[in-house]
Amino acid sequence: MMIKKVEPSLTERIKDHIDAITTAVIQAIKPDRITIEYPRERRRYPEVFRGFIVFDKNRCISCFRCAQICPANAIKMEFYDKYYPSIDYTKCIFCHFCVDSCPTGALKTSKVHDVAFKSLEEMHLHTTQITKVPDIVREDKVTVEYEIKGGEWKLVRKKELDRLEVEVPPPVVKPKKASCKEPESCLGCRLCVAICPQEAIKFDREKSMIKIDIDKCVGCGLCVRQCPMQILELKVVE
Amino acid sequence: MGIVEYLYGIFTSNMINIPLIKPIVDYLMGIPGVNFIVALILWRPFFAIAIAPGLGVLMLYLLWIVYFERKLTARVQWRVGPLEVCRPIRGLIQALADGIRYFFQEAIVHREAHRPYFIQLPILAFIPVLIPIMFIPAGEVVGIKSDYAIQLIVAFLALIPITIIAIGWASNSRFAYIGSVREAFMYFAYEVPFVIAVISMIFLYGSGSLYVAVEKQVVPGAILNPVAFIVYIIAMLMATSRLPFEIPEADQEIAFGPFVEYSGILFGLVMTLAYEKLYIMALLFTILFLGGWSGPAIPILGDLAPVIWLVLKTVVVISILVIVRSIYARYRLDQALRLGWSSMLGLSLVSLIIGVAVGWVL
Amino acid sequence: MDEYYLEVPVEPPKEVRSYFIPIPPEYVEETYRTDDFLVLVGPQHPGSGHMRLIVRVHGDIIKEVIPDPGYVHRCVEKLAENRLYIQNIPLVERPAIMDAANLNLGYVRAIEEALDIEVPERAKYIRVILAELCRIGTHLYDAAILAVFIGHTTGFMYPFGVRELICEALVRMTGARFTASFIIPGGVRRDVDNKVLKSVYDITFAIEKRLKTFEKIFVKNPTVVARLKDVGVLTKEEAIKYGVVGPFLRASGVEYDVRKVEPYEVYDELTWEVPVADAGDGYSRFLVRVNEIAQSLNIIRQCIKRIPEGRVISDQICENGKDIRGNLFDSLANIVLPAGEYTTLTECGRGTAIFTIVSDGESNTPYRLRLLTPGWLYLRGFMESLKGERLADLQAIYGSFGYFPPEADR
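Residues numbered from 1 in each chain as written. Chains lettered and ligands numbered in written order. Predicted model: local features only at pLDDT ≥ 70, side-chain atom pairs only at ≥ 80, totals over all residues.

### Quick word on the overall build of chain A
Threshold: Secondary structure elements follow DSSP: runs of H or I of four or more residues count as helices, runs of E of two or more count as strands, with numbering from the N terminus. Note on method: radius of gyration uses C-alpha positions; expected globular size equals 2.2 Å times residues raised to 0.38. What counts as a contact is two residues whose backbone-derived C-beta atoms lie within 7 Å of each other.
Counting its regular elements, chain A contains five helices and 13 strands. Its C-alpha radius of gyration of 28 Å places chain A more than 25% over the 18 Å reference for a compact globule of 238 residues. Each principal axis of the C-alpha distribution contributes one length, and for chain A these read about 100 × 50 × 35 Å. In chain A, the proportion of contacts linking residues at least 24 apart, taken out of those at least 6 apart, comes to 66%.

### Quick word on the interface of chain A and chain B
Note the following rule: Lys, Arg, Asp and Glu make up the charged group, whereas Ala, Val, Leu, Ile, Met, Phe, Trp, Tyr, Cys and Pro make up the nonpolar group; the residues left over, Gly among them, are polar.
Residue-level contacts link ten residues of chain A with nine residues of chain B. For the side of chain A that touches chain B, the per-class residue count stands at six nonpolar, two polar and two charged.

### Notes on the interface of chain A and chain C
What counts is decided by this rule: Paired strands are those between which DSSP finds at least two bridges.
Contacts between the two partners involve 40 residues from chain A and, on the opposite side, 48 residues from chain C. For the side of chain A that touches chain C, the elements supplying multiple residues, two or more each, are strand E1 (2-3), helix H1 (10-29), helix H2 (65-69), helix H3 (97-101), strand E8 (142-149) and strand E9 (152-158) of chain A. As judged from the two bridges shared by E1(A) and strand E6 (residues 276-277) of chain C, these two strands associate in the parallel manner. By the bridge assignment for E6(C), Met2(A) is matched with Val276(C).

### Regarding the domain arrangement of chain A
Residues and elements named next belong to chain A. Note the cut-off: Domain limits in this description derive from either an automatic procedure or a database domain assignment.
With domains assigned, chain A is organised as domain 1 (41-158) and domain 2 (176-236). If you average the C-alpha positions of domain 1 and of domain 2, the two centres end up 34 Å apart. Each partner contributes residues to the interface: domain 1 has five residues there, and domain 2 has five residues. Among the residues forming the side of domain 1 that touches domain 2, the class breakdown is three nonpolar, one polar and one charged.

### Describing the sheet that holds E8(A)
Operational definition: Axis geometry follows a simple rule: fit a line to the C-alpha atoms, using only the stretch in contact for helices, then measure angles between N-to-C directions, giving values from 0 to 180 degrees.
Reading across from one edge, E2-E8-E9 (chain A) is the order of the three strands in this open sheet, with mixed pairing throughout. The outermost strands of the open sheet, each flanked by one partner alone, are strand E2 (41-43) and E9 of chain A. Here the strands of the sheet are splayed against their neighbours by 35° on average, with no regard to which way each runs. Sheet topology note: the E2(A)/E8(A) ladder contains three bridges and is parallel. Bridging across to E8(A), Arg42(A) finds its partner in Thr143(A). Strand contacts of helix H8 (residues 194-219) of chain C: E8 and E9 of chain A, with the helix running at about 85° to E8(A), the strand carrying the most contacts.

### Description of the pairing of strand E12 (residues 209-212) of chain A
All names here are of chain A. Here strand E11 (residues 201-204) pairs with E12 via four bridges, running antiparallel. Across the sheet, residue Ile201 finds its bridge partner in E12, namely Ile212. Hairpin connection from E11 to E12: four residues lie between these consecutive antiparallel strands, with Ser208 at a positive phi of about 55°.

### Structural notes on the confidence of the model for chain B
The cut-off we apply is this: Known as pLDDT, the predictor's confidence for each residue is given on a scale from 0 to 100.
Considering every residue of chain B, the mean pLDDT works out to 84; 99% of them sit at 70 or more. Across the predicted assembly, pTM comes out at 0.90 and ipTM at 0.86.

### Points about the sheet that holds strand E5 (residues 83-88) of chain A
All names here are of chain A. The strand order across the open sheet formed by three strands is E4-E5-E7, and the pairing between neighbours is antiparallel. Each edge of the open sheet is held by one strand with a lone partner, namely strand E4 (75-79) and strand E7 (124-125). One ladder, built from five bridges, connects E4 with E5; its direction is antiparallel. Within E5, the residue paired with Ile75 across the bridge is Ile87.

### A look at the domain arrangement of chain B
Quoted interface sizes are often the accessible area lost when the parts come together. Residue and element names in this part refer to chain B. Assigned domains of chain B: these are domain 1 (2-41) and domain 2 (113-361). On a C-alpha basis, the centroid separation for the pair domain 1 and domain 2 is 36 Å. Between domain 1 and domain 2, the contact holds five residues from the first and six residues from the second. For the side of domain 1 that touches domain 2, the per-class residue count stands at four nonpolar, one polar and no charged.

### A few points about the nonpolar core
In plain terms, the rule: For the purposes of this analysis, a nonpolar core is taken to be any set of buried Ala, Val, Leu, Ile, Met, Phe, Trp, Tyr and Cys residues that are connected through C-beta atoms within 7 Å. Between the buried cut of 20 or more and the exposed cut of 12 or fewer other C-beta atoms within 10 Å of a residue's own C-beta lies the partly exposed class, and all C-beta atoms are placed from the backbone.
The biggest cluster of nonpolar side chains holds 236 residues, and the ones touching the most others in it are Cys98(A), Ala197(B), Ala235(B), Met238(B), Met281(B), Ala336(B) and Leu133(C). If you tally residues by element for this core, the top one is helix H6 (residues 121-149) of chain C, at 18 residues. Look past the residues within four positions of Ala197(B) in its chain and what remains in contact with it is Ala228(B), Val231(B), Tyr232(B), Ala235(B), Ser348(B) and Ser351(B). Ala178(A), Cys180(A), Cys217(A) and Cys227(A) belong to the second-largest nonpolar core, a separate cluster that totals eleven residues.

### Comments concerning the packing of helix H5 (residues 55-76) of chain B against helix H16 (residues 304-323) of chain B
Think of two packed helices as two axes; the pair is described by the angle between the axes and how far apart they sit. Residues and elements named next belong to chain B. Put simply, the rule is: Should an angle fall under 35 degrees it is taken as roughly parallel, and over 145 as roughly antiparallel, whereas 65 to 115 is taken as roughly perpendicular and any remaining angle as oblique. Should the near helix be turned anticlockwise from the far one by less than a right angle, the crossing is termed left-handed; should it be turned clockwise, right-handed.
Contact geometry of H5 with H16 gives a least axis separation of 10 Å together with a crossing angle of 30°. Between H5 and H16, the angle is such that the two are roughly parallel. The hand of the H5/H16 crossing is right-handed. In this structure, H5 contributes Val57, Ile65, Phe68, Glu69 and Leu72 to the contact, and H16 contributes Val311, Ile318, Ser319, Val322 and Ile323. Looking at the contact of H5 with H16 residue by residue, the classes come out as eight nonpolar, one polar and one charged.

### A word on the pairing of E9(A)
Residue and element names in this part refer to chain A. Two strands pair when backbone bridges link them, and E8 and E9 are joined in this way by seven bridges, in the antiparallel orientation. Bridge pairing links Thr143 to Lys158 in E9. The hairpin turn running from E8 into E9, its antiparallel successor, is two residues long, and Gly150 in that turn takes a positive phi close to 60°.

### Structural notes on helix H1 (residues 2-13) of chain B
Our working rule: One less than the residue count of a helix, multiplied by 1.5 Å, gives the span that helix is expected to have.
Here H1(B) spans 17 Å end to end across twelve residues, near enough to the 16 Å set by a 1.5 Å rise per residue. A small share of H1(B) lies buried, amounting to one of its twelve residues.

### Side note on the packing of helix H7 (residues 153-173) of chain C against H8(C)
Residues and elements named next belong to chain C. Direction vectors running N to C along H7 and H8 enclose 175°, while the axes themselves pass 10 Å from each other. When the axes of H7 and H8 are compared, the pair comes out roughly antiparallel. Of the residues in H8, those in contact with Thr154, Gly155, Tyr158, Pro159, Val162, Leu165, Glu168, Ala169, Arg172 and Met173 of H7 are Val196, Ser199, Val200, Ile203, Ala206, Ile207, Arg210, Leu211, Thr213, Phe214, Ile217 and Phe218. In terms of residue class, the contact of H7 with H8 is built from 15 nonpolar, four polar and three charged.

### Quick look at helix H17 (residues 333-361) of chain B
Each α-helix winds once per 3.6 residues, and so residues spaced three or four apart point in a common direction. Residues and elements named next belong to chain B. Stated precisely, the cut-off is as follows: Note on bend: the value at a residue is the angle between axes fitted to the seven residues ending there and to the seven starting there.
Compared with an ideal rise of 1.5 Å per residue, which puts 29 residues at 42 Å, H17 spans 40 Å between its outermost C-alpha atoms and is within 8% of the ideal. If you look at H17, its biggest bend is around 35°, right at Met344. Turning to H17, its buried residues number three or more, namely Leu333, Ala336, Leu339, Gly340, Met344, Ser348, Ser351, Leu352 and Gly355. For H17, the elements touching its buried residues are helix H11 (174-205) and helix H14 (226-239).

### Section: unusual backbone geometry
All names here are of chain C. Located in the positive-phi region is Cys75, a residue other than glycine, with phi close to 55°. Here Cys75 shows up in the loop between strand E3 (61-68) and helix H3 (76-79). Residues other than glycine seldom take positive phi values, yet Arg410 does so here, at roughly 50°. In this structure, Arg410 sits in the segment after helix H18 (405-409). Exposure remark for Arg410: the 20 C-beta atoms within 10 Å place this residue in the buried category.

### Some details on the environment of Asn221(C)
Along the chain, Asn221(C) turns up in the loop between H8 and helix H9 (222-228). Accessibility expressed as a C-beta count within 10 Å gives 25 for Asn221(C), which makes it buried. The spatial distance from the C-alpha of Asn221(C) to the C-alpha of Tyr342(C) is 47 Å, given a sequence separation of 121 residues. Ignoring any residue separated from it by four or fewer positions in sequence, one finds Asn221(C) in contact with Asp16(A), Ala20(A), Tyr328(B) and Ala329(B).

Here is the structure:
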């Protein structure tokens, strides 16, 4: 598609001048404003919005997946009765890889995106602080939504407050348990025995093999990542 | 006490007449000490210079034009403009907040500047800007009545770019130098067509006195000589560095030109320089082309009515010029020079011929 | 008129020698002896982006410009060597934030070529929609920067207002306003349902309508035309010789677009045209990009009409074809590419981006990631087009090229 060279004549130039001036005058009389007067008005975001992360303690199996996948190293595991994640918001880039990695759905998103902290040390939120939506001062009285229909873009203002929590069903993941795929290659280093937080692996000295207790195993996968011969795997349980 | 009585005699012989506040004035004139001050304030030349259309209106105009320009530009650009300074009145005193902020900021004078000129020139630049106020009348209210008022105003307006070039030179910096050179070029571009357009209006009215100009405008001057009207408007945009001719103060190319090194209260002063020049040129424009202070007389205001008409018309003219800022981009220096020396010079010569012809008829 | 120089010993100003500027002092002295003037348009300047330009001016005519890029260099290529392949996805998106989906796509296609992964059809259509939305966002951003460089503040506000619609479309599809990190090897992270696609369809019409006002007040404005016409002309031979890429090459008469020459994703199944101009000046570079916005809107509408049902994640990666939640770590964290070198070409908003991944066959981090962004490729052509223009045209040509220093410096 060839774009021709533009050589406007005098009449076309005067017409362009008049077009520009009338456009500005029409906007001055009846403007198409798109300003949202934050913080008195707040925008309603969709349910998939990536905001601050909320943690559910009861679902966590301490598998360390979120800490190991975070591209910015923002998640550190803290020890209470088990290891739970804590998020450093000076580093978090809100990519939500951790939310996508969690096999039980213990991490989920929320619609909060504007928390103000008073110092850098406060931005490192411990596990006890991320179990609910971070508390913010809500000065908004009006919720604004974009309504786009038939080529027109309008802002619709409603006098109600937006709910900041997001209800999302947990992911459907088939439960997996650990199993050894090549027992004859086992070194006997017992690193898997040492690392299992449920103490579900025992080393059998006579047979020089490990024995995994299926009932205690939760499928966290720490032993799989630890084995130097890489002979452990997570298999789907039928 | 002879001097006081002599001065008192001069003041009372030429007092402004406003029937609305006449009872209060009469009562105050009875009190011995206060009557001298009241007579001074209501003495016509003092009233014209200090209150209206002089310094008082100038102060209010500066506060208002900054706010109005930002609000109008914001309305065209799909946004709201300054809002937060005093929320119940939607940010009306934003310019006052800016001015107070400039008072508290440190005015830095850098090492390479010529120190006495750097500090004193923004204040000296006010002299050619404020003197023309003495000559502009509004009805009977005038500072100095003169038959050569138009020529004097144009002559004083021609002194202002020299002070701007001197400001840029005193800053002694790379970008200030480029800005001063551009200001000198723009001065050449608009001065000759501007002066020829004003001379054509003098020929049309037959005299350089502003009273004769308003008396002869049965039909507004814009219809008597439309070519001079157009040339004057374009010269106003060029002279006060407004878009599309904001060349000496190009913000993105040479980082504000001659004013790049100013900060603090000195910056506040140099920013208002362009606005005050616009005010003077707009007052002259209203008197020459739009009928000046003529309008339906309001009986209770007496002598104040022509003043109000003049100020109102000037404010409308300036408001229309403000919207041009949001429509156009900035021309390049050689394009503006070409415009000034070819199209505008030709149009101004045509307006000179029209002025001589219509003036011979009138 | 002949000019000759008087041999008067002149001392250049000490600021040019005391700053850390990469030009030799002999050059500075030669400049001042031949009566030229050195203007430093530095990183802190309202009209230079984040890059230092050393401009040698003779009167008002520019004789030579020496660029000093690297002010925003952030070592993306070296940082990528210490992270897993999937952790590099947010990293390579960050150089040009508006163009995130295109850079994301180039990197992920290199991994897919190495591992021989087959991407399902629905995922390809969603990727194309994201790429075209980011392309429109880049062109709008560049138009706004061009407007502010020539002093037109309304032309700056309008494209950013329209870009809000693009961010709205991205938020409804992916959840994040620009750097979505949504494209992963094997498809996209989540499925997009039909209500959202219908709203994206409506958004394209709203964008077109708002852009009509923009066209009347900026694109056809006589002052803008006067400022950009016949300024910074690059002829066809010069453009090819200096290695210019993207819409700036198409404005000089060469019809080259990676999406037509080596099509990827579904670009060869859609009908669209490549806008080409032959004047090579600033105004035609701008007009090419304005027409590309219209073509991109056309492509998005065709994709939304033709998108098939099905999985969005390849079954080589994950069983659940609609959502990767819960399986991201197990499927993609420890991928190891076979040994070798894999290269892809992608058409980003500003030109061709070249991604090369070198893998040693054993580690789960790349051995070397080489990323060539379009800004770095056309920098030379940009500097050559400035010779012989006036000093005030520096900003106009800068804006018409749409040079973005963070993308060029990585």
